[in-house]
Amino acid sequence: MKEIRIILMGTGNVGLNVLRIIDASNRRRSAFSIKVVGVSDSRSYASGRNLDISSIISNKEKTGRISDRAFSGPEDLMGEAADLLVDCTPASRDGVREYSLYRMAFESGMNVVTANKSGLANKWHDIMDSANQNSKYIRYEATVAGGVPLFSVLDYSILPSKVKRFRGIVSSTINYVIRNMANGRSLRDVVDDAIKKGIAESNPQDDLNGLDAARKSVILVNHIFGTEYTLNDVEYSGVDERSYNANDRLVTEVYVDDRRPVAVSRIISLNKDDFLMSIGMDGLGYQIETDSNGTVNVSDIYDGPYETAGAVVNDILLLSKVQK
């Protein structure tokens, strides 16, 4: 059995489910054992070679804390010998904190898996340059389509092809809001409902103004077309008090126009026979037009924190295969 040692930062809805999936996987005694040697939330942390994941999960569920040890920053965890840093922390506004964290990890000999979009959306060039300089990898499956396989499909399943266009519903919160408003509910009522159900963050502003989907657009265009775009290069819009109809969706699109890659995230009205119309209110999905593999459609029925956590753990396992 191969062992991979990880440090996990952030144990909110996604991070806590990462721990649950790891705990269940280790109990099944699969080909890989994921050993958590450091874990933190915004207030507390635990570190050491013999951490009990089940106890950490229980503490977090009962007290809202990892432990009684006060967390002061990443340095509290970096003393542990680890193969991989996992970032499930909330997104910062400018990505500077994330870039600093990933650079610290790369320079310490760790690969990185992230569910946090802000670093890649704001500091793509700097992060990728740091990874290359240190001969390390970063994977970010969970940043765009939650638990729906996306970058794994792009990287491993359509290799003969050039991507011509990506179209996707990759923002569950804003589409949940739009579709409920189309049924006559008010913006405030739907947002409150989404927060209670865990669909939206307690502060959903980044979702509602379209910033979260814009960050995803940046990551997509840079990954697909090799650009170094930032948020300034993306056209995006959010939701407001206007009236919406049943076919309105927030759609993220990445394509080439006059030899220039374009990234757009905006609310549009879809035709009733559009594949994206088949995606349910709780799901995410996308369509990729390629030159050799035809048109690839991928979606799920439900996508939440547990499914997103599954994408994080999948990245951990993928990187365990290249870890020396």
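Note that the structure is predicted; figures quoted are calculated from it, not measured.

Scoring rules and cut-offs
Residues numbered from 1 in each chain as written. Predicted model: local features only at pLDDT ≥ 70, side-chain atom pairs only at ≥ 80, totals over all residues. Heavy atoms only, no water. Helix = DSSP H or I, 4+ residues; strand = E, 2+ residues; numbered from the N terminus. Expected span 1.5 Å × (residues − 1). Buried < 20%, exposed > 50% of the residue type's maximum accessible area, 1.4 Å probe, protein only. Arc of directions from axis to C-beta. Contact = heavy atoms within 4.5 Å. UniProt positions renumbered as here; feature names shortened; annotations may be inferred. Polar contact = N/O pair within 3.5 Å; in protein donor to acceptor, adjacent residues only side chain to side chain.

A. Molecular detail of helix α3 (residues 96-107). Its twelve residues place the ends of α3 16 Å apart at the C-alpha level, agreeing with the 16 Å of an ideal helix rising 1.5 Å per residue. When we look at burial in α3, the residues that qualify are E98, Y99, L101, Y102, A105 and F106. The buried residues of α3 all sit within an arc of 165° when viewed along its axis, so they share a single face. Contact partners of the buried residues in α3: β1 (2-9), β4 (84-87), β5 (111-114), α4 (118-133) and β6 (138-139). With its phi angle positive at about 90°, G109 sits one or two positions after the end of α3.

B. Broad picture of the UniProt feature "active site" (unreviewed entry) in the chain. The UniProt record annotates "active site" (unreviewed entry) at K216. Relative to the elements of secondary structure, K216 occurs in helix α9 (residues 211-225). Here K216 is in contact with K117, T143, V144, V170 and S171, once residues within four sequence places are set aside. Of note is the side chain of K216, whose polar atom sits 3.3 Å from the backbone oxygen of V144.

C. Region of interest: unusual backbone geometry. We note that S135 has phi near 55°; this positive angle belongs to a residue other than glycine. Structurally, S135 is set in the loop between α4 and β6. Residue class for S135 comes out exposed when judged on its relative accessible area of 60%. Residues other than glycine seldom take positive phi values, yet D258 does so here, at roughly 55°. Examined against the element boundaries, D258 turns out to sit in the loop between β9 (248-257) and β10 (260-269). We classify D258 as exposed; its relative accessible area is 73%.

D. View of the UniProt feature "binding site: NADP(+)" (unreviewed entry) in the chain. UniProt's feature table lists "binding site: NADP(+)" (unreviewed entry) at G10, T11, G12, N13, V14 and G15, given in the numbering used throughout. Every residue in contact with T11, bar those within four places of it in the chain, is listed here: L16, L19, V39, S40, D41, K60 and I66. Mapping N13 onto the fold places it in helix α1 (residues 13-27). A residue is classified by how much of its surface remains accessible, and N13, at 48% relative accessible area, is partly exposed.

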